[in-house]
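Here's the letter readout for the chains.
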Amino acid sequence: MSLFTTTYDVIVVGGGHAGSEAAAASANMGARTLLITMNLQNIAQMSCNPAMGGIAKGQIVREIDALGGYSAIVTDKTAIQFKMLNKSKGPAMWSPRAQSDRMQFAECWRTLLEKTENLDFYQDSVNGLIFDGETIVGVKTNLGLEIKAKTVIVTAGTFLNGLIHIGEKTFGGGRAGEGASTGITEDLVEKGFESGRMKTGTPPRVDGRSLDYSKMTEQPGDENPEKFSYLPITKTLSEQRSCYLTYTNQTTHDLLKEGFDRSPMFNGRIKSTGPRYCPSVEDKINRFAEKERHQIFVEPEGWNTVEIYVNGFSTSLPEDIQDKAIRSIPGFENVKFFRYGYAIEYDYFPPTQLKHSLETKLINNLFFAGQINGTTGYEEAAAQGLMAGVNAALKTQNKEPFILKRSEAYIGVLIDDLITKGTEEPYRMFTSRAEYRTLLRQDNADLRLTPKSYKLGLASEERMKRVEAKKEKTELLIEYLKNLSVTKEDINPILTSKNLSPINQSMKLYKIAARPQLVFNDFLSIEKLNNFIYTNNIDKEIIEQVEIHLKYSGYIEKEKNNADKLNRLENVPIPSNFDYTKVKSLSYEAREKLTKIKPTSISQASRISGVSPSDVSVLLVYMGR
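This is a predicted model, so every value here is computed, not measured. (Residues numbered from 1 in each chain as written. Predicted model: local features only at pLDDT ≥ 70, side-chain atom pairs only at ≥ 80, totals over all residues. Heavy atoms only, no water.)

Another aspect to go through is the overall build of the protein chain. What the protein chain contains, in helices and strands, is 19 helices and 22 strands. Its C-alpha atoms give the protein chain a radius of gyration of 26 Å, within 12% of the compact-globule value 25 Å for 625 residues. In terms of principal-axis extent, the alpha carbons of the protein chain reach across some 80 × 70 × 55 Å. Within the protein chain, buried positions represent 57% of all 625 residues. Partitioning the contacts of the protein chain with sequence separation of at least 6, the portion at a separation of at least 24 is 73%. (Helix = DSSP H or I, 4+ residues; strand = E, 2+ residues; numbered from the N terminus. Rg over C-alpha atoms; globule rule 2.2 N^0.38 Å. Buried < 20%, exposed > 50% of the residue type's maximum accessible area, 1.4 Å probe, protein only. Contact = heavy atoms within 4.5 Å.)

Let's shift gears to the packing of aromatic side chains. This model, assessed by the stated rule, comprises 11 aromatic pairs. Between Phe82 and Phe228 the ring centres are 5.7 Å apart and the planes differ by 70°, which places this aromatic pair in the edge-to-face class. One end of the pair, Phe82, is in strand β4 (residues 79-85); the other, Phe228, is in the loop between β14 (217-219) and β15 (243-247), with 146 residues separating them in the sequence. What makes Phe82 buried here is its relative accessible area of 2%. Each ring, one from Tyr480 and one from Phe532, has its centre 3.8 Å from the other, and the planes form 5°; the classification is stacked. Of this pair, Tyr480 sits in helix α12 (residues 461-483) while Phe532 sits in helix α15 (residues 527-535); the two residues are 52 residues apart in sequence, bridging distant segments of the chain. (Phe/Tyr/Trp six-rings, centres within 6.5 Å; stacked < 30°, edge-to-face > 60°.)

Moving on, we come to the pairing of strand β16 (residues 295-300). In terms of strand pairing, β15 meets β16 through 4 bridges, oriented antiparallel. Opposite Tyr247, over in β16, you have Gln295 as the bridge partner. As paired elements, β16 and strand β17 (residues 307-311) share 4 bridges and run antiparallel to each other. Of the residues in β17, the one forming a bridge with Pro300 is Ile308. Here β16 folds back onto β17, and the loop between the two strands holds 6 residues. (Pairing = 2+ DSSP bridges.)

Let us now look at the pairing of strand β5 (residues 95-100). Of all the 6 residues making up β5, 6 are buried; the element is thus mostly covered by neighbouring parts of the structure. Every second residue of β5 is oriented toward a common face, with Ser95, Arg97 and Gln99 on one face and Pro96, Ala98 and Ser100 on the other, all of them buried. In terms of strand pairing, strand β3 (residues 51-53) meets β5 through 3 bridges, oriented antiparallel. Considered in β5, the bridge of Met52 is made with Ala98. Here β4 runs beside β5; their pairing, made up of 6 bridges, is antiparallel. Each residue of the ladder has a partner; that of Gln81, found in β5, is Gln99.

A separate point is the side chain of Thr78. Positionally, Thr78 belongs in helix α3 (residues 71-78). Exposure remark for Thr78: the relative accessible area of 2% places this residue in the buried category. A distance of 2.8 Å separates the side chain of Thr78 from the backbone oxygen of Val74, its partner in a polar contact. Residues in contact with Thr78, not counting those within four places in the same chain, are Gln99, Ser100, Asp101, Gln104, Phe105 and Cys108. (Polar contact = N/O pair within 3.5 Å; in protein donor to acceptor, adjacent residues only side chain to side chain.)

This part takes up the sheet that holds β15. Reading across the sheet, the 6 strands line up as β14-β15-β16-β17-β13-β18 and stay open at both edges, with antiparallel pairing between neighbours. Pairing within the sheet leaves two strands with one partner each, and these edge strands are β14 and β18 (337-339). In this sheet, neighbouring strand axes are inclined to one another by 35° on average, regardless of whether the strands run parallel or antiparallel. Inspection of the sheet shows strand β13 (residues 205-207) paired to β18 by 2 bridges, in the antiparallel sense. Within β18, the residue paired with Val206 across the bridge is Phe337. (Axes fitted to C-alpha atoms, helices over the stretch in contact; angles between N-to-C directions.)

In this section: the nonpolar core. With 105 residues, the main nonpolar core has Ile11, Ile147 and Ile411 as its most contacted residues. Broken down by element, this core gets its largest block of residues, 11 residues, from helix α9 (residues 378-396). For Ile11, the contacting residues outside a window of four places in its chain are Leu34, Ile36, Val139, Ile147, Lys148, Ala149, Thr151, Val152 and Ile153. Ile491, Leu495, Leu500 and Ile543 belong to the second largest nonpolar core, which has 25 residues in total. (Core = buried A, V, L, I, M, F, W, Y, C linked by side-chain atoms within 4.5 Å.)

What follows deals with the environment of Glu292. As for its position among the elements, Glu292 is in the loop between α7 (281-287) and β16. Put simply, Glu292 and Asp579 are 287 residues apart on the chain and 55 Å apart in space, counted from C-alpha to C-alpha. Apart from residues no more than four positions distant in its own chain, Glu292 is found in contact with Thr248, Asn249, Gln250 and His253.

In this section: the environment of Glu258. Along the chain, Glu258 turns up in the loop between α6 (250-257) and α7. Setting aside anything within four residues of it in sequence, one finds Glu258 in contact with Ile321 and Lys324. A distance of 3.0 Å separates the side chain of Glu258 from the side chain of Lys324, its partner in a polar contact.

This paragraph deals with unusual backbone geometry. One non-glycine residue, Ala56, adopts positive backbone phi at about 70°. Relative to the helices and strands, Ala56 resides in the loop between β3 and α2 (57-67). One non-glycine residue, Asn499, lies in positive phi territory at about 60°. Mapping Asn499 onto the fold places it in the loop between α13 (488-497) and β22 (507-508).

Listing the buried residues of α15 in full gives Leu529, Phe532 and Ile533. The arc that holds the buried residues of α15, viewed along the axis, is 95°, so those residues lie on one side. Exposed side chains of α15 directed beyond 90 degrees from the buried face belong to Glu527, Tyr534 and Thr535. Of the surrounding elements, those touching the buried residues of α15 are α12, α14 (509-513) and α16 (540-570). Downstream of α15 by one or two residues, Asn537 has phi in the positive range, about 50°. (Arc of directions from axis to C-beta.)

This model, assessed by the stated rule, comprises 33 salt bridges. One salt bridge connects Glu301 with Arg102, and the closest N-O pair in it is separated by 2.2 Å. Here Glu301, found in the loop between β16 and β17, pairs with Arg102, found in helix α4 (residues 102-114); they are 199 residues apart in sequence, far enough to count as distant. The exposure classification of Glu301 matches that of Arg102, with both residues buried. (Salt bridge = Lys/Arg side-chain N within 4 Å of Asp/Glu carboxyl O.)

If you want it as structure tokens, here you go:
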């Protein structure tokens, strides 16, 4: 098979987190796929922190896994620490997070991709796109090759016209030690796309042997660590590496301020917007001047390396300022740098130019995924890559696109937010962005999404069987609890140990277990229950599902009803060529926004900033005609 004569079903441009998931998804869907990346050694590189998951991001990784993606499997296989965040809150807020071995992570991803059927690789830089009218038909590379494709997914990360800043020094690049990508933005702008610039930053990497950990607070992983993937091929960690916590101080802040006049953030050289929720250290001390200190997390980069990632010290200040300021932080007095922090500016395309499938509105068969859409974070990128890969493959098979609703997945919230509201700063997922977060928990991503993915042919039969078994056993245990009567002799010792009122007569355990002060483990002293659990091989995962049902079934039912009401609006379609100027009752702002975004349903229209409830009522009446 020659690159000169083959027409691929899908070409994926870029081998980061979005590109890797996109290539895996389209190939596993049966599409003949080519992954083109500037350096095959850097596939799925963790460009910033060596960690996956976190608040809302952990839910996304679980969703990717439930759909048949690879991110969770790779994370489990290369993890050095695991934590379930927010365990003190309700289960809707529980968020898994893992530190990874950076080198193993990239190696594991490449190994998995090389074992994927239908997937070819090519190392080169794409510097142009080939169009036939309003349809993309291939890509042009730096070496002058023209490679044909039915669909193209651009996942260029921070490489599109990337510009690196350290103090007063500026040079082209997409990442430290790697060149920028040019040509793609220019081709797209010529086709009528609107582009913009965004900025992100990264902290210094330092030599762990030069740090004094006795001056820091140890941050170990969970005592009983869990894992990300629902599949049994990955195991929980038997040993873990600790992170450490220290703080900046007033001396640190004063030393950092000495470099403000040479900071590209403050002297006007960086004009683009950086991530609001992951600001640089100079931005933090400027914006939050009243704060006397800021957290610094000291994160190991792997099992066997001494390299340390200084989380919380992202900066583009000059090297001498970075050097002086970091030495004032407890434990860093004798630090040796591996490399200095830097900021990077890059092109992105406002995502209101996309359909829900992540296909562009202007060009047929062209998909965008990852930071090109204005997001930040490996998890957000990987989720978009997976969805773009699935939808590109479906497009080549002349099938309907695969769209997830806001009530079905955080991935649905992410994509709907991007294409409906757009973003003018790097977008990051939070639990607060999801109005149905009690439904979208990390523990039930497989129950929500694997049946959908299995129908597509992406999730394996093994995944589907595990989900069916989990559902059956959960229902079996719930039914047993509803029918199991417990005597006062069985239950009162448990209730009095918790300072709860004892019962006077036998009751169904289901009713007692719903009390918020009690946990399921409290009832394992009841012999009948214990025997049932043992006989039916009910594991910890099933018990967790049942416990959540017992405590939160009222809230879950309420959210389901609210979601159903909204989904009824999803079923009121708006024609793609609808002329909003004809609807004189709409406000001027609503007409302008609706014409630009072209929502596909009344529900999507209702979420556009500037479209009021009265505008939605007008549209409902109009569509009803």
